[in-house]
Amino acid sequence: MKRLFSTFIMAISFTVLFSVSAFAAEGEGELTSMGKQKEVVNVAHRGASGHAPENTMAAFQKGFEMKADYIEIDVQMSKDGELVILHDTTLDRTTDGTGWVGNYTLEELKQLDAGSWFSEEFAGEPIPTFEEVIDEFRGKVGILIELKSPELYPGIEGKVAEALKERNMDIPDNNKIIIQSFNHESMKLSKELLPEIPHGVLLGANWANVTDEQLAEFAVYADYFNPTMTILSPELVDRVHAAGMDIWAYTVRTQEQADRLFELGVDGIITDFPEYVYPHPVKNN
Ligand code: G3P
Ligand code: CA
């Protein structure tokens, strides 16, 4: 009887032990997967532009409220040399104006409605200036600054550098600021002006066959290799990391696209919908 009881107790113990181990292993797997996802930097593209008109204070505020790590902004220049935030080099798609951004003074650009095209709820949203955005959001959320078509705006790199330096935002420990562009010569120049600020190169679909030599050239002045997600493969992710750069891929507009990038092991995801990237507080990275 005693032996039977001991056997019964052993059997129960084994079952409990096995179940706990199995549960722990499963839990560990979930945590590992979630942990990995949490480390991916969440960048609200043109602000949370799936929810509010792109490149407006409303979109940036929404990105901040959604706990994105960074807001991404597109910087251009007015006719009178002021830095303004707008994606297209013409006004027609996202404002009630028409023609080239650079043909208008700041005062003229400030009269435009940059919200109604998205929804009447945002009627009258103005085009923000660069200074307005950095003064409102610095310290609250990271800012990924894209110099948009800088070849149209000679001197724009110097004006951005000046605005950042005036606010002591160019210092080594203030690295929630990153500057990027599709114009790589502009990034070389900007890096010279702001050596302590990380820079990135943006890459379109024509960079699918980027060579190791080109990656090494980028890495001289760039910390970030930010490609369209369409050119990424596991092999390219490894080669970029081997060259010493992080990868922030653009532009995610579905959960499936985000999930593929998690699998590929990118370091950041640039998205119109921050909710597709696990929301987490700003890290002091
Ligand atoms: O930050 C990446 C992304 O903004 C680049 O493309 O055209 O949206 O400025 P685009
Ligand atoms: Ca952009």
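Residues numbered from 1 in each chain as written. Chains lettered and ligands numbered in written order. Predicted model: local features only at pLDDT ≥ 70, side-chain atom pairs only at ≥ 80, totals over all residues. Heavy atoms only, no water.

Visitor: When you look at the coordination of the calcium ion (ligand 2) in this model, what are you seeing that I'm missing?
Guide: Each donor-metal-donor angle in an ideal tetrahedron of four donors is 109.5 degrees, and each such angle in an ideal octahedron of six donors is either 90 or 180 degrees. Coordination of the calcium ion (ligand 2) by the protein comes from E72 (OE), E72 (OE), D74 (OD) and E146 (OE), over a distance range of 2.1 to 3.1 Å. Coordination at the calcium ion (ligand 2) is irregular: its six donor atoms span angles of 43 to 177° at the metal. Sequence spacing among the residues donating to the calcium ion (ligand 2) works out to E-x1-D-x71-E. Of this pair, E72 sits in strand β2 (residues 70–77) while E146 sits in strand β4 (residues 142–147), and the two are 74 residues apart along the sequence. Judged by relative accessible area, which is 2%, E72 ranks as buried. Under the relative-accessibility criterion, E146 is labelled buried at 4%. (Donors = N, O, S within 2.8 Å, 3.2 Å for Na, K, Ca; no water. Tetrahedral: all angles 85-135°; square planar, octahedral: opposite > 155°, others 65-115°. Helix = DSSP H or I, 4+ residues; strand = E, 2+ residues; numbered from the N terminus. Buried < 20%, exposed > 50% of the residue type's maximum accessible area, 1.4 Å probe, protein only.)

Visitor: When you look at the pairing of β4 in this model, what are you seeing that I'm missing?
Guide: Each regular strand shows side chains that alternate between the opposite faces of the sheet. Taken across its six residues, β4 has six buried, putting it largely inside the fold. With burial as the criterion, each face of β4 is covered, one bearing G142, L144 and E146 and the other bearing I143, I145 and L147. Where β2 and β4 come together, six bridges link them in parallel fashion. In the sheet register, I73 faces β4, and the bridge partner there is I145. As paired elements, β4 and strand β5 (residues 177–181) share four bridges and run parallel to each other. For I145, the partnering residue across the bridge sits in β5 and is I179. (Pairing = 2+ DSSP bridges.)

Visitor: Got a minute to help me understand the packing of helix α5 (residues 156–166) against helix α6 (residues 184–193) in this structure?
Guide: Each pair of packed helices can be summarised by the angle the axes make with each other and by the distance between the axes. The contact between α5 and α6 brings their axes to 10 Å, and the two run at 30°. Judged on the interaxial angle alone, α6 and α5 are roughly parallel. Like other packed secondary-structure pairs, α5 and α6 cross with a definite hand, here right-handed. Taking contact as the criterion, the partners of E157, G158, A161 and K165 in α5 are, on α6, S186, L189, S190 and L193. (Axes fitted to C-alpha atoms, helices over the stretch in contact; angles between N-to-C directions. Parallel < 35°, antiparallel > 145°, perpendicular 65-115°, else oblique. Left-handed = near helix turned anticlockwise from the far one by under 90°. Contact = heavy atoms within 4.5 Å.)

Visitor: Hey, could you run me through the packing of aromatic side chains in this one?
Guide: Think of a pair of aromatic rings as described by two things: how far the centres are apart, and how the planes are tilted against each other in angle. Summed over all chains, the structure comprises nine aromatic pairs. Between F118 and F122, the aromatic rings sit 5.9 Å apart at their centres with planes inclined by 70°, giving edge-to-face as the arrangement. A relative accessible area of 29% means that F118 is categorised as partly exposed. Here the aromatic rings of F273 and Y276 are separated by 5.4 Å at their centres, their planes lie at 40°, and the arrangement is tilted. Exposure remark for Y276: the relative accessible area of 21% places this residue in the partly exposed category. Through a chain of ring-to-ring contacts, three or more aromatic side chains come together here, namely Y70, Y224 and W248. Directly above the aromatic system of W117 lies the positively charged group of R93, at a separation of 5.8 Å from the ring centroid. Positioned above the aromatic ring of F64, the side-chain terminus of K140 is 5.0 Å from the ring centre. (Phe/Tyr/Trp six-rings, centres within 6.5 Å; stacked < 30°, edge-to-face > 60°. Lys NZ or Arg CZ within 6 Å of the ring centre and 35° of its normal.)

Visitor: Is there a simple way to explain the nonpolar core in this structure?
Guide: The nonpolar side chains of a soluble globular protein tend to be buried, and buried together. With 64 residues, the main nonpolar core has I73, V75, F130, I145 and L164 as its most contacted residues. Setting aside anything within four residues of it in sequence, one finds F130 in contact with I73, V75, L83, V84, I85, I145, V160, A163 and L164. (Core = buried A, V, L, I, M, F, W, Y, C linked by side-chain atoms within 4.5 Å.)

Visitor: I tried to follow the confidence of the model for the chain on my own but got confused; where do I start?
Guide: Residues at a pLDDT of 70 or more form 83% of the chain, whose mean pLDDT is 88. Low pLDDT, under 50, characterises residues 1–33; the predicted model gives this stretch zero contacts beyond four residues in sequence or across chains. Overall, residues 280–285 carries pLDDT values under 50, and its contacts beyond four positions in sequence, including any with other chains, amount to 17 contacts. (pLDDT = per-residue confidence, 0-100.)

Visitor: Looking at this structure, I do not really get the site of ligand 1. What am I missing?
Guide: Within the structure, ligand 1 sits among H45, R46, E72, D74, H87, E146, K148, Q180, F182, L202, Y250 and I270. Between ligand 1 and the protein, one listed contact pairs an oxygen atom with a side-chain N or O atom of R46 at 2.6 Å. Between ligand 1 and the protein, one listed contact pairs an oxygen atom with a side-chain N or O atom of E72 at 2.7 Å. Most atoms of ligand 1, that is more than half of them, are within 2 Å of grid points of the second largest pocket. Class assignment for the residues of the shell around ligand 1 results in four nonpolar, three polar and five charged. (Near = heavy atom within 4 Å. Polar contact = N/O pair within 3.5 Å; in protein donor to acceptor, adjacent residues only side chain to side chain. 1 Å grid on protein atoms, 1.4 Å probe; cavity = no way out; pocket = protein on both sides within 12 Å on 5 of 7 lines; lining within 4 Å. Sits in = over half its atoms within 2 Å of the grid points. Nonpolar A, V, L, I, M, F, W, Y, C, P; charged D, E, K, R; others polar.)

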